[in-house]
Amino acid sequence: MRALRQGLAALLATLTCGVALAAPYVGPLFDAHLHYNVEAWDGRSGPVPPQEAAARFQRNGVRAILSNSRPNDGTHTLAGSPQVRAAGVTVVPFVRLYRNRADYDNWYRDESIHRMVLDELARGSAAGPFRGIGEFHLYDSANANGPVARQLMRLAEERQLVVLAHVDDTAIDLLMANTPSRGQKARLIWAHTGIGGAPVARVDQLFAKYPLLMGELSYRPGLTCEGGKLCAPWRELLLKYPGRFVIGSDTWVNQRWDSYDDLMAGYRAWLGDLPADVARRIAWGNAATLFGLPEPK
């Protein structure tokens, strides 16, 4: 019996060691949910000037970012930054709906937001035309039927823009219903793949219903388990839909900028639990394909 216990202990130690030593993903990253808000840099001062942002991207192997900022000045700054360009980082600019914090609660019915979006789309950025709308929030899913929310969902599909939405699963259905194709041609990135932790089965259901819906994985409850490894239900879902997930930092407050290295290291750790081709698609390829980016040099 003692020998059996010793043998089992040795086997367990070997298996545990094998899990702990799983190689992290080492390829390029596409940060598909990044904010460069006024608190990080207001154009003159702040804890994350453009050169510091560029340094964090470069040392973490981030080769592209989906930038959306409150106000949109932050995205214009990153899009035109020579430091970001020198770091080999492609900026994919989105029009955010917020000029200030008050807009979070009212954008879906504020016609001035609609006009602001149209103006920004016409203006473009130093990195080229805006590629999407968002991130926006809906704290009450019924507000997906607000007049400006309806207008912007129609606009996004008509102009082939991608939407980045921080909403619950009920709002996904409502937003999709407001597109000309009723969600069949709408390109929407679901921030956090559901606020409040939509069950895996519900995510699966929505992915099956809307063929272009994608899930972004920051702050996602239940994604990782002990040691930062993927939890089994999520690993199964990622393998079922390898072309439908992206990663992001969600630097909505400066503390997330402070943790940027750890956030990217955390992604690399659990991506290492996946087959190499799946890991690269989630880390880089899915977002790169969505926006037509070439392989990084």
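Fair warning: this is a prediction, and the values are worked out from it, not measured in the lab.

### Observations regarding the environment of Ala283
Locating Ala283 in the fold gives a position in helix H12 (residues 276-291). A residue is classified by how much of its surface remains accessible, and Ala283, at 1% relative accessible area, is buried. Ala283 sits 255 residues away from Pro28 along the chain, and the two C-alpha atoms are 6.9 Å apart. Excluding residues that lie within four positions of it along the chain, Ala283 makes contacts with Tyr25, Pro28, Leu29, Phe30, Ile247 and Leu271.

### Observations concerning the packing of aromatic side chains
For the coordinates displayed, the defined rule picks out 14 aromatic pairs. Judged by centre distance (4.0 Å) and plane angle (15°), the ring pair of Tyr98 and Tyr104 falls under stacked. Judged by its relative accessible area of 0%, Tyr98 is buried. Plain terms: the ring middles of Tyr267 and Trp270 are 5.9 Å apart, the flat faces sit at 70° to each other, and that makes the pair edge-to-face. Placement of the pair is Tyr267 and Trp270 together in helix H11 (residues 260-271), with a separation of three residues, close to one helical turn. Taken together through their ring pairs, the aromatic side chains of Phe30, Phe94, Trp284 and Phe291 make up a single cluster.

Cut-offs used in this document
- Residues numbered from 1 in each chain as written.
- Predicted model: local features only at pLDDT ≥ 70, side-chain atom pairs only at ≥ 80, totals over all residues.
- Heavy atoms only, no water.
- Helix = DSSP H or I, 4+ residues; strand = E, 2+ residues; numbered from the N terminus.
- Buried < 20%, exposed > 50% of the residue type's maximum accessible area, 1.4 Å probe, protein only.
- Contact = heavy atoms within 4.5 Å.
- Phe/Tyr/Trp six-rings, centres within 6.5 Å; stacked < 30°, edge-to-face > 60°.

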